[in-house]
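Inside the fold
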Amino acid sequence: MEGLLLIISGPSGVGKSTITNRILERLGATLSVSMTTRKMRPGDVDGEHYHFVDEGAFESVVEAGGFLEHAVYAGNQYGTPREPVDKILASGGVIVLEIDVAGAAQVKGKMPGAFAVFIEAPTRDALLHRLRTRSTEDEATIQRRFGIAQREIEFAHASELYDAFVINDDLERAVSELAGLVESAMAARG
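Because the structure is a prediction, the values reported are computed rather than measured.

Thresholds applied
Residues numbered from 1 in each chain as written. Predicted model: local features only at pLDDT ≥ 70, side-chain atom pairs only at ≥ 80, totals over all residues. Heavy atoms only, no water. 1 Å grid on protein atoms, 1.4 Å probe; cavity = no way out; pocket = protein on both sides within 12 Å on 5 of 7 lines; lining within 4 Å. Points joined across faces, edges and corners; volume = space filled by probe spheres on them. Helix = DSSP H or I, 4+ residues; strand = E, 2+ residues; numbered from the N terminus. Nonpolar A, V, L, I, M, F, W, Y, C, P; charged D, E, K, R; others polar. Pairing = 2+ DSSP bridges. Contact = heavy atoms within 4.5 Å. Axes fitted to C-alpha atoms, helices over the stretch in contact; angles between N-to-C directions. Core = buried A, V, L, I, M, F, W, Y, C linked by side-chain atoms within 4.5 Å. Buried < 20%, exposed > 50% of the residue type's maximum accessible area, 1.4 Å probe, protein only. Parallel < 35°, antiparallel > 145°, perpendicular 65-115°, else oblique. Left-handed = near helix turned anticlockwise from the far one by under 90°. Expected span 1.5 Å × (residues − 1).

Once that is clear, we can look at the layout of surface pockets. In this structure, the largest pocket encloses a volume near 1600 Å³. Along the walls of the largest pocket sit 44 residues, with Lys16, Tyr50, Glu98, Ile99 and Asp100 positioned nearest its centre. Among the elements of the structure, α1 (16–27), β5 (67–73), β6 (76–81), β7 (94–98), α4 (101–110) and α6 (139–158) are those that each provide at least two residues to the lining of the largest pocket. Taken together, the residues of the lining of the largest pocket sort by class into 15 nonpolar, 17 polar and 12 charged.

Below, the discussion takes up the sheet that holds strand β8 (residues 115–120). Taking strand neighbours across the sheet as the criterion, the five strands line up as β2-β7-β1-β8-β9 in an open arrangement whose pairing is parallel. Here the strands that pair on one side only, and so sit at the sheet edges, are β2 (30–31) and β9 (164–167). By the bridge criterion, two bridges tie β2 to β7 in an arrangement that is parallel. Directly across from Leu31, in β7, lies its bridge partner Val96. Sheet strands touched by α1: β1 (4–9), β2, β7 and β8. Its angle to β7, the strand with the most contacts, is close to 170 degrees. Packing of α6 onto the sheet brings it into contact with β8 and β9, and relative to β8 it is tilted by some 140 degrees.

As a further point, take the environment of Pro122. With respect to the element layout, Pro122 can be found in the loop between β8 and α5 (124–133). Separated by 75 residues in sequence, Pro122 and Gly47 place their C-alpha atoms 34 Å apart. Those residues in contact with Pro122 that lie beyond four places of it in its chain are Arg130, Ile167, Asn168 and Asp169.

Formed by 48 residues in total, the largest nonpolar core has its most connected members in Leu5 and Leu6. In terms of residues, this core owes the most to one element, helix α7 (residues 171–188), which gives seven residues. Among residues more than four places away in sequence, those in contact with Leu6 are Ile23, Val94, Ile95, Val96, Leu97, Phe115, Val117 and Val182.

Read across the sheet, four strands follow the order β4-β3-β6-β5 without closing on themselves; strand pairing throughout is mixed. Each of the sheet's edge strands pairs with one partner strand only, and the pair in question is β4 (51–52) and β5. Note that strand β3 (residues 35–36) and β4 share two bridges and pair parallel. Bridge pairing in β4 places Thr36 opposite Phe52. Most of the contacts of helix α3 (residues 82–90) go to β6, to which it runs at about 25 degrees, and overall it touches β5 and β6.

Right, let's get into the packing of α1 against α7. The contact between α1 and α7 brings their axes to 10 Å, and the two run at 55 degrees. Put simply, α1 runs oblique to α7. Note on packing geometry: the crossing formed by α1 with α7 is right-handed. Facing α1, whose interface residues are Thr18, Ile19, Arg22, Ile23, Arg26 and Leu27, α7 presents Leu171, Glu172, Ala174, Val175, Ser176, Leu178, Ala179, Val182 and Glu183.

The next subject is α6. For α6, which comprises 20 residues, the first-to-last C-alpha distance of 28 Å matches the rise-based estimate of 28 Å (1.5 Å per residue) to within 8%. Along α6, the residues that are buried comprise Ile142, Phe146, Gly147, Ala149, Glu152, Ile153 and Ala156. Summarising the contacts, the buried residues of α6 are in contact with α4, β8, α5 and β9.

Rendered as C-alpha cells:
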C-alpha cells in the first residue's frame, strides 16, 4: 500500500506545530526534516530539527533535483529533501511536511497526490489575539506577521492547493478532525 504525504500549512500563531506533533503521535507518522544552511543554535540537533549543511552541499542537492521544495528565508536556504519522503511513502507510511503556502505549492506541483490541509484560527481577530498573547514579539512584528497571515489565508482559499481546511477552535477537536481526514484519504487510496 502506498503511503501518504501530508502537508500541513497555516499562518503563524494558529497552532499548526502543536497539531502537527499530536498528529505524528496519533497516526504514528514521520515528520520530514528540512535541510538548511542556517547555523545551528543552542539546543538544535542535527538530523532532528534540521539537516545543517553548508551552501555548497545545499546547492548540490538543488542541482541534482533532490528537493521537493526549497526557498530562501532571512538569508538562509531551506529545503525538503525528496529521498526520505519517497522512502516513507514506499513503505506505506505517513510523512508530514509542515510548510508555508509557497512550499506547499512547490510540493503539490511535484507530488500532486499529496494531501494538503490548511489550519486556521476561528476568526482573524482570534488569530491576532493569539499572536499577541505569545508575548514573544513587539507590536510592529505582530502586525507584520498578521499581515502575512492574512495574505496566506486569502491565497489558501483562492487557490485549489488545499484538500481540506481545519479550524483550530478547540485543539482536541481539530486534531480529531485532521486525523479523520487523513484516515479517509488513506482509505481512498486502497
